[in-house]
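Chains, contacts and geometry: an overview
Here is what each chain is made of, one letter per residue.
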Amino acid sequence: MLGDDAELTAAVLAAQDGDETAFRTVYRAVHPRLLGYVRTLVGDPDAEDVASEAWLQIARDLDRFDGDADRFRGWAARIARNRALDHIRMRGRRPAIGGDETELTGKPAESDTAGEAIEALATDSTLSLIARLPQDQAEAVVLRVVVGLDAKTAAETLGKRPGAVRTAAHRGLKRLAELIGEDPESVGALDALPPQREPQDRAVTSATVTHMRPRTQKDM
């Protein structure tokens, strides 16, 4: 485990021990990816509110988490997804990109850091292209490419098999390439996507846990 993953793992462990600066580091590292995922589920107007609710739960339940950077991203994505589904049910409507709630259990994402790529994915033009994918492919692409989960972690997050996640992500990226070909103004959008990430051998480290006060968005 090198680079960003090692730093994120260390920050998560420090945050569990009550380090507020470490928690802000975790938030800044994970939030852009998580927000992109939430946007895929609920649409742009409500994404910030749903993501905020997710982070409040993450802060509240952090002392229960045990694992490394990859597992933290999957855990955070699962919380965000549950908050998004709650929001969809409360509003009495389906996800912004189509499909019903039962379809939301099938798509992961592979990717690694690259801040520029994450920013590119957050643009309206790129998200609008992803929004045109079938629901399973759209969520697969976002989870694997934006959130940065490998197929195994994404599958665990969604309750799917890794093979199904890989297939949905592959089909989604292929369809994105076709959509970009149909829209000259979108050329280059697919190049902004980080490469899909393969699972690595991970050593899960237990943390000494202490309780912290609930954090707010202001703290982050």
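Residues numbered from 1 in each chain as written. Predicted model: local features only at pLDDT ≥ 70, side-chain atom pairs only at ≥ 80, totals over all residues. Heavy atoms only, no water.

Remarks on the pattern of salt bridges
Overall, the coordinates contain eight salt bridges when judged by the stated rule. One salt bridge in this structure joins Glu178 and Arg175, with 3.0 Å as the shortest N-O distance. On the criterion of helical spacing, the pair formed by Glu178 and Arg175 is a turn pair, its members being three residues apart in helix 9 (residues 162-182). A residue is classified by how much of its surface remains accessible, and Glu178, at 38% relative accessible area, is partly exposed. Linked by salt bridges that have partners in common, Asp5, Asp70 and Arg73 make up one network. (Salt bridge = Lys/Arg side-chain N within 4 Å of Asp/Glu carboxyl O. Helix = DSSP H or I, 4+ residues; strand = E, 2+ residues; numbered from the N terminus. Buried < 20%, exposed > 50% of the residue type's maximum accessible area, 1.4 Å probe, protein only.)

As for helix 8 (residues 151-158)
Most of helix 8 is tucked away, with six of its eight residues classed as buried. Burial in helix 8 covers these residues: Ala151, Thr153, Ala154, Ala155, Thr157 and Leu158. Two or three places before Lys152, at the start of helix 8, stands the capping residue Asp150, its side-chain oxygen 3.1 Å from that residue's backbone nitrogen. One or two residues past the end of helix 8 sits Gly159, with phi positive at roughly 75°. (Polar contact = N/O pair within 3.5 Å; in protein donor to acceptor, adjacent residues only side chain to side chain.)

Overview of the packing of helix 2 (residues 20-42) against helix 4 (residues 69-91)
At a closest axis distance of 10 Å, the pairing of helix 2 and helix 4 adopts a crossing angle of 35°. Crossing geometry of helix 2 relative to helix 4 is assigned as right-handed. Facing Val26, Val30, Leu34, Tyr37, Val38, Leu41 and Val42 of helix 2, the residues of helix 4 in contact are Phe72, Ala76, Ala77, Ala80, Arg81, Ala84, His87 and Ile88. For the contact of helix 2 with helix 4, the class distribution of residues is 13 nonpolar, one polar and one charged. (Axes fitted to C-alpha atoms, helices over the stretch in contact; angles between N-to-C directions. Left-handed = near helix turned anticlockwise from the far one by under 90°. Contact = heavy atoms within 4.5 Å. Nonpolar A, V, L, I, M, F, W, Y, C, P; charged D, E, K, R; others polar.)

Here's the deal with the packing of helix 2 against helix 3 (residues 44-61)
Running from N to C, helix 2 and helix 3 point in directions that differ by 135°, and their axes come no closer than 9 Å. Considered as vectors, helix 2 and helix 3 are oriented oblique to each other. For the pair helix 2 and helix 3, the crossing hand works out as right-handed. When helix 2 is examined against helix 3, the residues Phe23, Val26, Tyr27, Val30, His31, Leu34, Leu35, Val38, Arg39 and Val42 are found in contact with a partner set consisting of Asp44, Asp46, Ala47, Glu48, Val50, Ala51, Trp55, Ile58 and Ala59. Class assignment of the residues belonging to the contact of helix 2 with helix 3 gives a composition of 14 nonpolar, one polar and four charged. (Parallel < 35°, antiparallel > 145°, perpendicular 65-115°, else oblique.)

Comments concerning the environment of Glu139
Within the secondary structure layout, Glu139 lies in helix 7 (residues 135-147). In this structure the C-alpha to C-alpha distance between Glu139 and Tyr37, which are 102 residues apart in sequence, comes to 7.4 Å. Within the structure, the side chain of Glu139 is placed 2.3 Å from the side chain of Tyr37, a separation counted as a polar contact.

Digging into the confidence of the model for the protein chain
For the protein chain, the mean per-residue pLDDT works out to 74, and 65% of the residues sit at or above 70. Within the protein chain, no element has a lower average pLDDT than helix 5 (residues 115-121), which sits at 46, and none a higher one than helix 3, at 94. Note that pLDDT drops below 50 for residues 201-218; the model gives that stretch 44 contacts with residues more than four away or on any other chain. (pLDDT = per-residue confidence, 0-100.)

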